[in-house]
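Okay, here's what each chain looks like letter by letter:
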There are 2 protein chains.
Amino acid sequence: MEADNSRTEEYLESIYKLQEEQHPVSTSRLAEHLKLQAPSVSEMVKKLAGKGLVFHSEKGVCLTDEGKSLAKKVIRRHRLSERLLTDVLGFKWDEVHDEACRLEHAISPEMEDRIAESLGNPKTCPHGHPIPDRDGKLIKEKVKPLSELKAREKGIIVNVFEEDPKMLKYLASLGLMPDVCVKVEEVAPFGGPLIVCVAGSRYALGREVASKIKVK
Amino acid sequence: MEADNSRTEEYLESIYKLQEEQHPVSTSRLAEHLKLQAPSVSEMVKKLAGKGLVFHSEKGVCLTDEGKSLAKKVIRRHRLSERLLTDVLGFKWDEVHDEACRLEHAISPEMEDRIAESLGNPKTCPHGHPIPDRDGKLIKEKVKPLSELKAREKGIIVNVFEEDPKMLKYLASLGLMPDVCVKVEEVAPFGGPLIVCVAGSRYALGREVASKIKVK
DNA sequence: TCATAAAATTAGGCATGCCTAATACAATAT
DNA sequence: ATATTGTATTAGGCATGCCTAATTTTATGA
Ligand SMILES: [Mn+2]
Ligand SMILES: [Mn+2]
Ligand SMILES: [Mn+2]
Ligand SMILES: [Mn+2]
């Protein structure tokens, strides 16, 4: 019988994303991201470890090579789905996450390839994250959070590390999207907001938000 | 929490399709179509009845209005998915069933509408079956099986009641697809094959196969 | 070092949906 | 009417993945 891997895929995908922030991923962070209770995650992580997909130490959870490879496949399907949704079906970037989160588990390798081909092998998802190629290779650009720029510095937005639709809609309304040039006008002290200039307009941006926007 | 309706959807979809052949659907027929054991179906049917989606009498299983409405929604998503796969992604008609069978459970009403819109509101799936509209309305053409045509009669293929990829591939290789005109040259006696003429070529077709091809 | 707080796991359950084996129910044919 | 045959259900299990409550482990800070 055909196994349903969607929960496994969901976990691996979350672990992959979270480890980009901080390496061994804590089960509590994972639970929060997956919107599950901690014991559920504890248990599932144990099963994933048993299948050789993750390594679980006192520090937290790491993906094994096999787990990483599977995670990248899921992420490829997720990001290709997002592109299909925006480029072909006309969705906005804030509307695609949940849809893609379901599609990613339903797409065969053939469909994955056909989407990539039909769209001209896109390099990134609508949020600027790289789409792994069929063999799991992906190019990570060297970036830093917008929040780390100093006054008068500017950067080009590479990607936005955010999934919340409301936040994405807000950012789009300010024109804060990949490939856009942002200039930091001022940085308020004591963790205060940044004053940024985008396409001729000025906005005050909280540090929290600015840290999600990665620039080069 | 978000319920996973995919099994319910699968059952309702199967019941809907099977009842087009013979009205109250037997649990054994349903089990066969779903590739499950009979007791699994017995049990699930009981649950569906409990939810008011089917009515279960001695004769077999029937959809309630609510069940029928839900079934048509799933079928709409299935057929729209098939069209997306063939028209946008370049799949062949024999490659789309399984893929669509997974996609149909992952597609939101918004995506469903977007697909329909992007494709110019197609009326049928690649196999010629009608796509219900958003309100569940669908136009069934009056058709008869090709196997019921007499010698020298001709008809235009409306749809093909078949899901098996090998059979579909075979039919496509003979040019037996919706909108194609077929002429029955001869009908061999005693349930023997039909000799048909399609686009200038002659083929012998088994009765079984011919009964799946519906013409007008 | 010892108390307290935070993080993680264990224990015990539950819902869903599948299975096999056994049993009950129908329809036929003798 | 009764034996046979096929259809359907009941009984009893199992796997998966989630939950709450209780407990254990680890970290922190007085
Ligand atoms: Mn997902
Ligand atoms: Mn994305
Ligand atoms: Mn399906
Ligand atoms: Mn079809």
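Residues numbered from 1 in each chain as written. Chains lettered and ligands numbered in written order. Predicted model: local features only at pLDDT ≥ 70, side-chain atom pairs only at ≥ 80, totals over all residues. Heavy atoms only, no water.

A. Structural context of the interface of chain A and chain B. Across the boundary between the two partners, chain A contributes 18 residues, which contact 18 residues of chain B. Across the chain A/chain B interface, buried area totals approximately 1600 Å², and carbon plus sulfur atoms make up 63% of it. Sorting the residues of chain A by area buried against chain B places Leu-89, Met-111 and Arg-114 of chain A first, and these three jointly supply 36% of that buried surface. The interface formed by chain A and chain B holds 2 salt bridges in total. Between Glu-95 of chain B and Arg-114 of chain A there is a salt bridge, with its nearest N and O atoms 3.4 Å apart. Linking chain A to chain B there are 8 residue pairs in polar contact (both at pLDDT 80 or more). When contributions to the side of chain A that touches chain B are tallied by element, the ones reaching two or more residues are α4 (65-88), α5 (97-103) and α6 (109-118) of chain A. (Contact = heavy atoms within 4.5 Å. Buried area = accessible area lost by both parts, 1.4 Å probe. Salt bridge = Lys/Arg side-chain N within 4 Å of Asp/Glu carboxyl O. Polar contact = N/O pair within 3.5 Å; in protein donor to acceptor, adjacent residues only side chain to side chain. Helix = DSSP H or I, 4+ residues; strand = E, 2+ residues; numbered from the N terminus.)

B. The arrangement of the domain arrangement of chain A in detail. The domain boundaries assigned to chain A delineate domain 1 (6-63) and domain 2 (144-215). Taken over C-alpha atoms, the centre of domain 1 of chain A sits 30 Å from the centre of domain 2 of chain A. (Domains from an automatic or database assignment.)

C. Spotlight on the coordination of the manganese ion (ligand 3). Residue and element names in this part refer to chain B. Summarising the metal site, the manganese ion (ligand 3) is bound by the protein donors Glu-10 (OE), Glu-10 (OE), Cys-101 (O), Cys-101 (SG), Glu-104 (OE) and His-105 (NE2), whose distances to it range over 2.0 to 2.8 Å. What the 6 donor atoms of the manganese ion (ligand 3) show is an angle range of 50 to 162° at the metal, which sorts the shape as irregular. All donors of the manganese ion (ligand 3) belong to a single chain; written as a sequence motif, their spacing is E-x90-C-x2-E-H. In this pair, Glu-10 sits in helix α1 (residues 6-19) while Cys-101 sits in helix α5 (residues 97-103), placing the two residues 91 residues apart along the sequence. Both residues of the pair, Glu-10 and Cys-101, count as buried. (Donors = N, O, S within 2.8 Å, 3.2 Å for Na, K, Ca; no water. Tetrahedral: all angles 85-135°; square planar, octahedral: opposite > 155°, others 65-115°. Buried < 20%, exposed > 50% of the residue type's maximum accessible area, 1.4 Å probe, protein only.)

D. Here's a closer look at the protein's contact with DNA strand C. Neighbouring DNA strand C are 17 residues, the closest being Ser-28, Ser-42 and Lys-46 of chain A together with Arg-7 and Ser-40 of chain B. Each atom of DNA strand C within 4 Å of the protein was assigned to sugar, phosphate or base; sugar and phosphate come to 66%. Contact distances for DNA strand C include 2.4 Å between a phosphate oxygen and a side-chain N or O atom of Ser-40 of chain B. Grouping the amino acids of the surface near DNA strand C by side-chain chemistry returns 6 nonpolar, 7 polar and 4 charged. (Near = heavy atom within 4 Å. Nonpolar A, V, L, I, M, F, W, Y, C, P; charged D, E, K, R; others polar.)

E. Seen up close, the environment of Tyr-11 of chain B. Residues and elements named next belong to chain B. Position of Tyr-11 among the secondary structure elements: in helix α1. Residues Tyr-11 and Pro-178 lie 167 residues apart in sequence; the distance between their C-alpha atoms is 27 Å. Excluding residues within four positions of it along the chain, Tyr-11 makes contact with Leu-30, Leu-34, Leu-36, Ser-40, Val-41, Met-44 and Leu-48.

F. Seen up close, the side chain of Glu-10 of chain B. Among buried Asp, Glu, Lys and Arg side chains, Glu-10 of chain B stands out as unpaired, with Arg-7 of chain B the closest opposite charge at 4.4 Å. Filtering out sequence-adjacent residues up to four positions away, Glu-10 of chain B remains in contact with Leu-34, Cys-101, Glu-104 and His-105 of chain B. (Lys, Arg positive; Asp, Glu negative; His and termini not counted.)

G. Just the environment of Glu-112 of chain A, in detail. Counting through the fold element by element, Glu-112 of chain A comes out in helix α6. Separated by 51 residues in sequence, Glu-112 of chain A and Val-61 of chain A have C-alpha atoms that sit 28 Å apart.

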